Amino acid sequence: MKIAIHGRNFPESARPYIQSMFEELARRQTEVIISQGYREFLDNAGVTHYSQATYTVEEGVTDADFIFSLGGDGTLLDAVTHVGAQQIPIIGINIGRLGFLATVAPASVRLMIDALFNEQYSIDERVLVSVRSSQDIFGKLPFGLNDFTITRTQTSSMITVHAYLDGEFLNSYWADGIIISTPSGSTGYSLSCGGPVLLPQTNNFIITPISPHNLNVRPMIVMDTCQLAFEVESRSGNFLAALDSRSYTVETSVRISVQKEAFKARLVKLSDDNFLNTLRSKLNWGWDIRN
């Protein structure tokens, strides 16, 4: 088995679990390839990883059975871009904070590795959002797992986003911006702006305005088979376009379209990993003293 590994800085409390993970992989004679930046961090942190093989973010991962993401949800979003159309299954080990996507606890890493070798897991395929524009904004990575957002810059006032659905005019959003969220991203930025929670396998996108000036404008759910297009007006002449954690300043002359990506992100789920359980444990979903 060949495992790619990507991660970020971790607290000292996580060190024993990470070291134990590498020792378990070495014991099973697993071929390991580590992202270049993370390997440098591991070396500086004194973690023995038993591997000399690395890959760069630019080249990504092209040959692996799984990729381990060690961090929070942001680290897992990075891992999605590292595998891209290769659709290598991703396992999120939560060394971050909330961990909606990265659901494996550090203390359960050895059990997780055992489940992989015994094929005691399932694959959860997640829709990605794809962004195309009249100017190349996101380069070779025009896709994201959570959401695409158009927002005002820090120095600008409210913007106007003219939205079109399959070529027909939908609405002009006078707001701080707009979010196009996948079901995976429904528990993120969209939720904090009043958007609904969608089950991961729901075939929809959510259009969520950010601080709309018109109080009768509300989040809207559309089929993910549609194509959305946007034109932006701003006094500053520009706006921010963000795809997951990657953001760029864009001129208002740029036209943008959003649709479902042709490939998906494949997340590994263990037997005790359930979205409804995650809602209850991470969001205190339905918490009530009477329960």
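Owing to the predicted nature of the structure, the values given are computational and were not obtained by experimental measurement.

> Lay out the packing of aromatic side chains in plain terms, naming residues and giving numbers.
Counted according to the given criterion, the structure contains seven aromatic pairs. Taking the centre distance of 5.6 Å and the plane angle of 80 degrees together, the rings of Phe 66 and Tyr 121 count as edge-to-face. Here Tyr 121 lies in strand β6 (residues 121-133) and Phe 66 lies in strand β4 (residues 66-71), a separation of 55 residues in the sequence. Phe 66 sits in the buried class, given a relative accessible area of 5%. Overall, Tyr 121 belongs to the partly exposed group, its relative accessible area being 29%. Ring pairing ties together the aromatic residues Phe 10, Tyr 38 and Phe 41, which thus form one cluster. Here Arg 28 stacks its cationic end above the ring of Phe 117, 4.7 Å away from the centre of that ring.

> Lay out the sheet that holds strand β12 (residues 204-210) with the relevant residues and their values.
Strand pairing in a sheet is mediated by backbone hydrogen bonds. Such pairs are either parallel or antiparallel. Taken in spatial order, the six strands line up as β13-β12-β11-β8-β15-β16 in an open sheet, and their pairing is antiparallel. Taken across any chain shown, the strands that pair with only one partner, and hence form the sheet edges, are β13 (220-223) and β16 (246-251). Each strand axis lies, on average, 20 degrees off the axis of its neighbour in the sheet, ignoring direction.

Cut-off values and rules
Residues numbered from 1 in each chain as written. Predicted model: local features only at pLDDT ≥ 70, side-chain atom pairs only at ≥ 80, totals over all residues. Heavy atoms only, no water. Phe/Tyr/Trp six-rings, centres within 6.5 Å; stacked < 30°, edge-to-face > 60°. Helix = DSSP H or I, 4+ residues; strand = E, 2+ residues; numbered from the N terminus. Buried < 20%, exposed > 50% of the residue type's maximum accessible area, 1.4 Å probe, protein only. Lys NZ or Arg CZ within 6 Å of the ring centre and 35° of its normal. Pairing = 2+ DSSP bridges. Axes fitted to C-alpha atoms, helices over the stretch in contact; angles between N-to-C directions.

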